[in-house]
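Secondary and tertiary structure notes
So the chains spell out like this:
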Amino acid sequence: MLRMFVKLIQIIWTSPNTLIGLVVGSAGLLTGGKAQIREGCIEFYGGVVEKWLEGLNVFGMTLGHTILGQTKTGLRIVRKHEQVHVRQYERWGPLFLPAYLGWSAWLWMIGKDYYRLNPFEVEAYAIDDPANRNADSDDSDDGIDQSDF
């Protein structure tokens, strides 16, 4: 019961950012994109979402409990990284975007890599470190929490 209550609070806490993701994702659906549910998040790919992310030169982006990706395959590649951002949104809620952008702005102003040195990205990229990989992990796209629409 407590676990469900905590999850409900996390969903509410992240909802302003999730709403932004739902708006962008809906625009993707209206322009030929697709959506799927994975690991408690709705993922959107294709359509205008793909074009927008190409313009930003990124494969994926997280907004609350929504993950935007260029393609379905691209989402599979970045899913673990983006799920770290989901957990960060659950901690930071509506403060995530200002904190993330603030760190990036500060790093840019002092002449550092504003993306890779952003502490939020450092945490997310740490999952790609072979020392952090679990030999029993399953990278397949098969799971209980799946539905395409």
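All values derive from a computational prediction rather than experimental measurement.

Glancing now at a nonpolar patch on the surface. Taken together, the side chains of Leu2, Phe5, Val6, Leu8, Ile9, Ile12, Trp13, Trp92 and Leu95 present a nonpolar region at the surface, about 890 Å² in accessible area. Residue contributions to the nonpolar patch peak at seven residues, all from helix α1 (residues 2–30). Trp92 sits in the partly exposed class, given a relative accessible area of 36%.

What follows deals with the packing of α1 against helix α3 (residues 72–92). Think of two packed helices as two axes; the pair is described by the angle between the axes and how far apart they sit. Relative orientation of the contacting elements α1 and α3 amounts to 95°, with a least axis distance of 8 Å. In terms of orientation, α1 lies roughly perpendicular with respect to α3. In this structure, α1 uses Lys7, Gln10, Trp13, Thr14 and Asn17 to contact α3, whose residues at the interface are Tyr89, Glu90, Arg91 and Trp92. Split by residue class, the contact of α1 with α3 holds three nonpolar, three polar and three charged.

With that settled, consider unusual backbone geometry. If you check the backbone angles, Glu39 has positive phi at about 50° while not being a glycine. With a relative accessible area of 51%, Glu39 lands in the exposed category.

Between α1 and helix α2 (residues 47–56), whose axes approach to 5 Å, the crossing angle comes to 115°. Contacts between α1 and α2 involve Val24, Gly25, Ala27 and Gly28 from the former and Gly47, Val48, Val49 and Trp52 from the latter. Here the contact of α1 with α2 is composed, by residue class, of five nonpolar, three polar and no charged.

Enumeration according to the criterion identifies three salt bridges in this entry. A salt bridge links Glu90 to Lys7; its shortest N-O distance comes to 2.8 Å. Of the two residues, Glu90 sits in helix α3 while Lys7 sits in helix α1, which places them 83 residues apart along the sequence. Residue Glu90 is classed as buried on the basis of its relative accessible area, which comes to 14%. Overall, the relative accessible area of 35% leaves Lys7 in the partly exposed class. Between Glu43 and Arg79 there is a salt bridge; the shortest N-O distance is 2.8 Å. Taken together, the residues Glu43 in strand β2 (residues 41–45) and Arg79 in helix α3 connect sequence positions 36 residues apart. With a relative accessible area of 0%, Glu43 lands in the buried category. Judged by relative accessible area, Arg79 falls into the buried class, the value being 7%.

Turning our attention to the pairing of β2. A large share of β2 lies buried, amounting to five of its five residues. Here β2 shows no split at all, with Cys41, Glu43 and Tyr45 on one side and Ile42 and Phe44 on the other all buried. Across five bridges, strand β1 (residues 34–38) lies against β2 in antiparallel orientation. Bridge assignment links Arg38 to a residue of β2, and that residue is Cys41. In terms of strand pairing, β2 meets strand β4 (residues 66–69) through four bridges, oriented parallel. When the sheet's bridge partners are listed, Glu43 is paired in β4 with Ile67.

Rules behind the numbers
Residues numbered from 1 in each chain as written. Predicted model: local features only at pLDDT ≥ 70, side-chain atom pairs only at ≥ 80, totals over all residues. Heavy atoms only, no water. Patch = residues over 30% accessible without salt bridge, like charges linked within 9 Å, V, L, I, M, F, W, Y side chains within 5 Å. Areas by Shrake-Rupley, 256 points an atom, 1.4 Å probe, with all protein chains shown as cover. Salt bridge = Lys/Arg side-chain N within 4 Å of Asp/Glu carboxyl O. Helix = DSSP H or I, 4+ residues; strand = E, 2+ residues; numbered from the N terminus. Buried < 20%, exposed > 50% of the residue type's maximum accessible area, 1.4 Å probe, protein only. Axes fitted to C-alpha atoms, helices over the stretch in contact; angles between N-to-C directions. Parallel < 35°, antiparallel > 145°, perpendicular 65-115°, else oblique. Contact = heavy atoms within 4.5 Å. Nonpolar A, V, L, I, M, F, W, Y, C, P; charged D, E, K, R; others polar. Pairing = 2+ DSSP bridges.

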